[in-house]
Amino acid sequence: METAFAATSTTAIAPTKNHYVILDGLRGVASLMVLAFHLFEPFSNENPVKQIINHGYLAVDFFFMLSGFVIAYAYDDRWTRMTQWEFYKRRLIRLQPMVIMGSLIGAALFYFQKGPVFPLIAVTPVWKMMLVMVVGCTLLPLPISMDIRGWQEMHPLDGPAWSLFFEYIANILYALGLRKLSKRALSVFVFLAAILLVQLAVFGHRGDLIGGWALNTKELHVGFARLLFPFFAGILLCRLGARIQLKGAFGISSLLLVVALSLPRFGGTQHHWMNGLYEAFCIIVIFPIIVAIGAGEKRVDGPSIRVARFFGDLSYPLYITHYPLIYIYTAWVVIDKPTLAQGFLPALLVAIAAIAIAYASLKLYDEPLRRWLSKRFLAKQGRV
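For the structure given in this document, a descriptive report is provided here. (Residues numbered from 1 in each chain as written. Predicted model: local features only at pLDDT ≥ 70, side-chain atom pairs only at ≥ 80, totals over all residues. Heavy atoms only, no water.)

Considering the overall build of the protein chain
From N to C terminus, the protein chain includes 12 helices and 0 strands. Secondary structure elements of the protein chain, listed N to C terminal, follow the sequence α-α-α-α-α-α-α-α-α-α-α-α. Against the globule reference of 21 Å for 384 residues, the protein chain gives a C-alpha radius of gyration of 20 Å, in line with a compact fold. Projected onto the principal axes, the alpha-carbon positions of the protein chain cover approximately 55 × 50 × 45 Å. Scored against the burial criterion, the 384 residues of the protein chain give a buried share of 57%. Across the protein chain, every contact between residues at least 6 apart in sequence was considered, and the portion connecting residues at least 24 apart equals 80%. Summed over all atoms, the accessible surface of the protein chain reaches about 15900 Å², with 70% contributed by carbon and sulfur. Charge separation in the protein chain, taken as the distance between the mean sites of 35 positive and 21 negative side-chain charges, equals 8 Å. (Helix = DSSP H or I, 4+ residues; strand = E, 2+ residues; numbered from the N terminus. Rg over C-alpha atoms; globule rule 2.2 N^0.38 Å. Buried < 20%, exposed > 50% of the residue type's maximum accessible area, 1.4 Å probe, protein only. Contact = heavy atoms within 4.5 Å. Areas by Shrake-Rupley, 256 points an atom, 1.4 Å probe, with all protein chains shown as cover. Lys, Arg positive; Asp, Glu negative; His and termini not counted. Charge placed at Lys NZ, Arg CZ, Asp CG, Glu CD.)

Things to note about the pattern of salt bridges
With the rule as written, the count across this model stands at 8 salt bridges. Between Asp 61 and Arg 226 there is a salt bridge, with its nearest N and O atoms 2.9 Å apart. In this pair, Asp 61 sits in helix H2 (residues 59-75) while Arg 226 sits in helix H7 (residues 217-239), placing the two residues 165 residues apart along the sequence. The buried category is assigned to Asp 61, whose relative accessible area is 0%. By relative accessible area, Arg 226 is classed as buried at 0%. Residue Arg 370 is joined to Asp 366 by a salt bridge in which the shortest nitrogen-to-oxygen separation is 3.2 Å. (Salt bridge = Lys/Arg side-chain N within 4 Å of Asp/Glu carboxyl O.)

Observations concerning the packing of aromatic side chains
A full pass over the atoms with the stated rule returns 25 aromatic pairs. Relative to Phe 87, the ring of Tyr 75 has its centre 5.0 Å away and its plane inclined at 90 degrees; by these criteria the two rings are edge-to-face. Of this pair, Tyr 75 sits in helix H2 while Phe 87 sits in helix H3 (residues 84-108), and the two are 12 residues apart along the sequence. Residue Tyr 75 is classed as buried on the basis of its relative accessible area, which comes to 0%. Overall, Phe 87 belongs to the buried group, its relative accessible area being 0%. Summarising the aromatic geometry, the rings of Phe 231 and Phe 232 are spaced 5.1 Å apart at their centres and angled 75 degrees between planes, so their arrangement reads as edge-to-face. Both residues of the pair, Phe 231 and Phe 232, count as buried. Counting every residue linked through ring pairs, the aromatic cluster contains Tyr 75, Trp 79, Phe 87, Tyr 88 and Tyr 174. Above the ring of Phe 118, the side-chain terminus of Arg 149 is found at 4.8 Å from the ring centroid. We note Arg 376 situated over the ring of Phe 377; from NZ or CZ to the ring centre the distance is 5.0 Å. (Phe/Tyr/Trp six-rings, centres within 6.5 Å; stacked < 30°, edge-to-face > 60°. Lys NZ or Arg CZ within 6 Å of the ring centre and 35° of its normal.)

Considerations on the nonpolar core
Core analysis: the largest hydrophobic core is formed by 117 residues, its most contacted members being Phe 62, Phe 229 and Phe 287. Non-local contacts of Phe 229, meaning those with residues more than four positions away in its chain, are made with Met 65, Val 190, Ala 193, Ala 194, Leu 197, Ile 283 and Ile 284. (Core = buried A, V, L, I, M, F, W, Y, C linked by side-chain atoms within 4.5 Å.)

Let's talk about the environment of Phe 166
Relative to the assigned elements, Phe 166 resides in helix H5 (residues 161-176). Classification of Phe 166 as buried rests on a relative accessible area of 0%. Separated by 47 residues in the primary sequence, Phe 166 and Trp 213 place their C-alpha atoms 9.6 Å from one another. Residues within four places of Phe 166 in sequence aside, it is in contact with Phe 64, Met 154, Gly 212, Leu 220, Gly 223, Phe 224 and Leu 227.

Comments concerning unusual backbone geometry
Backbone geometry places Asn 45, a non-glycine residue, at a positive phi of 55 degrees. Within the secondary structure layout, Asn 45 lies in the loop between helix H1 (21-40) and H2. One non-glycine residue with positive phi stands out, namely Ile 53, at about 55 degrees.

Section: the packing of helix H6 (residues 183-203) against helix H9 (residues 272-295)
Between H6 and H9, whose axes approach to 7 Å, the crossing angle comes to 150 degrees. One way to sum up the angle between H6 and H9 is to call them roughly antiparallel. Of the two elements, H6 crosses H9, and the hand of that crossing is right-handed. Each of Ala 194, Leu 197, Val 198, Ala 201 and Val 202 in H6 lies in contact with H9, whose residues at this interface are Trp 273, Gly 276, Leu 277, Ala 280, Ile 283 and Ile 284. Its residues assigned to classes, the contact of H6 with H9 shows 10 nonpolar, 1 polar and no charged. (Axes fitted to C-alpha atoms, helices over the stretch in contact; angles between N-to-C directions. Parallel < 35°, antiparallel > 145°, perpendicular 65-115°, else oblique. Left-handed = near helix turned anticlockwise from the far one by under 90°. Nonpolar A, V, L, I, M, F, W, Y, C, P; charged D, E, K, R; others polar.)

A look at helix H12 (residues 344-377)
The terminal C-alpha atoms of H12, which comprises 34 residues, lie 46 Å apart, in line with the 50 Å expected from a rise of 1.5 Å per residue. Along H12, the helix axis deviates most sharply at Leu 362, where the bend reaches about 45 degrees. When we look at burial in H12, the residues that qualify are Ala 347, Val 350, Ala 351, Ala 354, Ala 358, Ser 361, Leu 362, Asp 366, Glu 367, Arg 370, Leu 373 and Ser 374. At its buried positions, H12 is contacted by H1, H3, helix H10 (303-321) and helix H11 (323-336). (Expected span 1.5 Å × (residues − 1). Bend = angle between axes of the 7 residues up to and from the residue.)

A few points about a nonpolar patch on the surface
Together, Ile 244, Leu 246, Ile 252, Leu 256, Phe 281, Val 285 and Ile 289 make up a nonpolar patch on the protein surface, roughly 500 Å² of accessible area in all. For the nonpolar patch, the secondary-structure elements that each account for two or more residues are helix H8 (249-262) and H9. Here Leu 256 shows up in helix H8. Classification of Leu 256 by relative accessible area gives partly exposed; the value is 36%. (Patch = residues over 30% accessible without salt bridge, like charges linked within 9 Å, V, L, I, M, F, W, Y side chains within 5 Å.)

So this is what it looks like as structure tokens:
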């Protein structure tokens, strides 16, 4: 199981600043790739070589980089008139409503996911599932002893919430003091974080960056290695003014992202270091280029901008609500063992349902609730 998303939207930007619509759109493209990755994943039989959209899990690292860039752009120049608590309120209002929705949907669909692939569901009483749901709404990570599925997830009702947990940690580190680092000091920090990332990707036993969703030493190592470089590299990119202006920026950057996430695994099962080297190269070189291209687009209207805006709005709700459906779909694939062709129509229906749930959550719940919370708690402080 792998997920991706550190969901910081450029709607966090103050009203007086330009809006990076293309970066939002890229988040939407990556979210759709995550959905496709999860729909293909059950057919790989846990063989990474057979996985279609092989590097789809790297979307989480891309999202962390987007988050760092946008956080720096939105907040770096506001600390003289904003307290840490005000910053935390803004981030909570932006992120927490959909965390709650993801946990609620996960609870509602939990017992429909029962099967051999999730051995603990059948023996989990309702009271324990409800307790996990309540804790999930807070985003506090659950220990392995509280697992109710069998996958040892820190958020077993809604797996993608693990990356939001790390997103919150990154926000806290930024607010507590790393925001004060000079460009030179931040460059050193990012360089050291890159070494940690390369060590895991190239010299790890798997030769990839899969993991981060369990509350144990091994998975926390993976999670922090995946968090620290891209998030703070995103901040550094913003502060250095990294912009690449190209005609058709959304199309070009989207194509680069799709290709990077879709290439087959390198090195097969024998040379894990080759795949790890590719993944490190993607995060350290390719992703910053994509972000710089997205940030270089100055247009505020046009067909591609409107498409980017739509998928940007949809990206976070889609990411945080789709996985309970994937649990059901995965259980079906494992039990009935359909061929890839036989699974196409059910996969398409799951994708349509996931997008519909995400859009309904956005329009009927997330946006109205955030508007109310902003008016209630940030009335004189601008937008979230």
